[in-house]
Amino acid sequence: MASSIAELIADRIDAMPAGERRAAQTLIASYPMIGLKTVADFSLQAGVSSPTILRFVSRLGFQNYPEFQSALQDELAAQLQSPLSRTASPLATGHGEASPMLEATLENIRETFRHVSEKQMRDIVLHLSNPRAKTFLIGGRFTDPVARYMAAHLTIIRPNVFHLTGQESNWRDRLIDMGKRDVLLIFDIRRYQDSLIRFAEKAHQRGVQIVLFTDQWLSPIARFARHVVAGRTAVPSPWDSSAALFVFAEALIGEVTRELEAESARRIREMENLR
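Everything quoted here is computed from the prediction, not taken from an experiment.

### Thoughts on the nonpolar core
Note on soluble globular proteins: their nonpolar side chains tend to be buried together.
Then, number 1: Within the largest apolar cluster, 49 residues are counted, with the highest numbers of intra-cluster contacts made by Phe42, Phe56, Phe68 and Leu184.
Then, number 2: Element by element, the count of residues in this core is highest for helix H11 (residues 194-205), at five residues.
Then, number 3: Ignoring any residue separated from it by four or fewer positions in sequence, one finds Phe68 in contact with Ile5, Leu27, Gly35, Phe42, Val57, Leu60 and Phe62.
Then, number 4: Leu185, Val229, Ala249 and Leu252 belong to the second largest nonpolar core, which has 27 residues in total.

Below you can see the structure in the form of structure tokens.
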């Protein structure tokens, strides 16, 4: 699969001039719909000139604005696919040493990490390592196991880690405990969950630092997120794969453990003594 436009932005945003960076941030915040409007509308919303929008599109590797919009339309069509529509396509069968499913999963993991910069990884680790900040984790129907898995590990190495479960009203009640120094990790892949979007908006209004783990087509929660990790999820199956998100979560767990080396070692020793 070719790189999505969100992935291209992640790869190149550090090299963009200020105007093009504003265009990139505007697109991510309203992905992909603002890019489907006219150049004039896009430039007006981004607060930059029309030539800046065209330079931004060119920097992403497109020959012209219609080609850029065509790519966005293809992504939107993929984003809206249901498991039923993907079932209608014949599944690939492998005759070699590795199955197409395994190959696709390994490629998803490689591509996910390729599009996350060292700076972004470091920033997320520092947020999760802040001893004065609380960390909250939540996921959708199929991604909440990743949130629960990550929370179980973080709880061992640092205090004030909370996995949000149960009904949406229970999540909203926890908003009262969230402030500007706190971090909310959200896992949300297509088809995006409306309840998570509503919750993210409320948390954003309280100044909570949101880290979004989504797919290459970007959950609407991206407009509220401080950091967006766009994991690859498509595999030759009616179902999307969360394998790349699991591996990325494990990488973060390892980095936070190293960042909090003394504290995490002390907590683990104390927990072992209490068994």
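### Quick notes on unusual backbone geometry
Then, number 1: Between Tyr31 and Pro32 the backbone carries a cis peptide bond, its omega angle lying at -5°.
Then, number 2: Checked against the element boundaries, Pro32 lands in the loop between helix H2 (18-29) and helix H3 (39-46).
Then, number 3: You will see that Asn160, though not glycine, has its phi angle at about 60°, which is positive.
Then, number 4: Checked against the element boundaries, Asn160 lands in the loop between helix H9 (144-157) and strand S2 (161-163).
Then, number 5: The phi dihedral of Leu218 is positive, around 70°, even though this residue is not glycine.
Then, number 6: With respect to the secondary-structure elements, Leu218 resides in the loop between strand S4 (209-215) and strand S5 (227-231).

### Let's talk about the packing of aromatic side chains
Then, number 1: Under the criterion given, the structure shown has 10 aromatic pairs.
Then, number 2: Ring geometry for Phe62 against Phe68: centres 5.7 Å apart, planes inclined by 75°, an arrangement best described as edge-to-face.
Then, number 3: Residue Phe62 is classed as buried on the basis of its relative accessible area of 12%.
Then, number 4: According to the relative accessible area criterion, Phe68 is buried, its value standing at 0%.
Then, number 5: Each residue in the set Phe113, Phe187, Phe213 and Phe248 is aromatic and connected to the rest through ring pairs, giving one cluster.
Then, number 6: A cation over a ring is seen here: Arg174 above Phe162, with NZ or CZ 5.0 Å from the ring centre.

Calculation rules
- Residues numbered from 1 in each chain as written.
- Predicted model: local features only at pLDDT ≥ 70, side-chain atom pairs only at ≥ 80, totals over all residues.
- Heavy atoms only, no water.
- Core = buried A, V, L, I, M, F, W, Y, C linked by side-chain atoms within 4.5 Å.
- Buried < 20%, exposed > 50% of the residue type's maximum accessible area, 1.4 Å probe, protein only.
- Helix = DSSP H or I, 4+ residues; strand = E, 2+ residues; numbered from the N terminus.
- Contact = heavy atoms within 4.5 Å.
- Phe/Tyr/Trp six-rings, centres within 6.5 Å; stacked < 30°, edge-to-face > 60°.
- Lys NZ or Arg CZ within 6 Å of the ring centre and 35° of its normal.

By themselves these figures say nothing about function.
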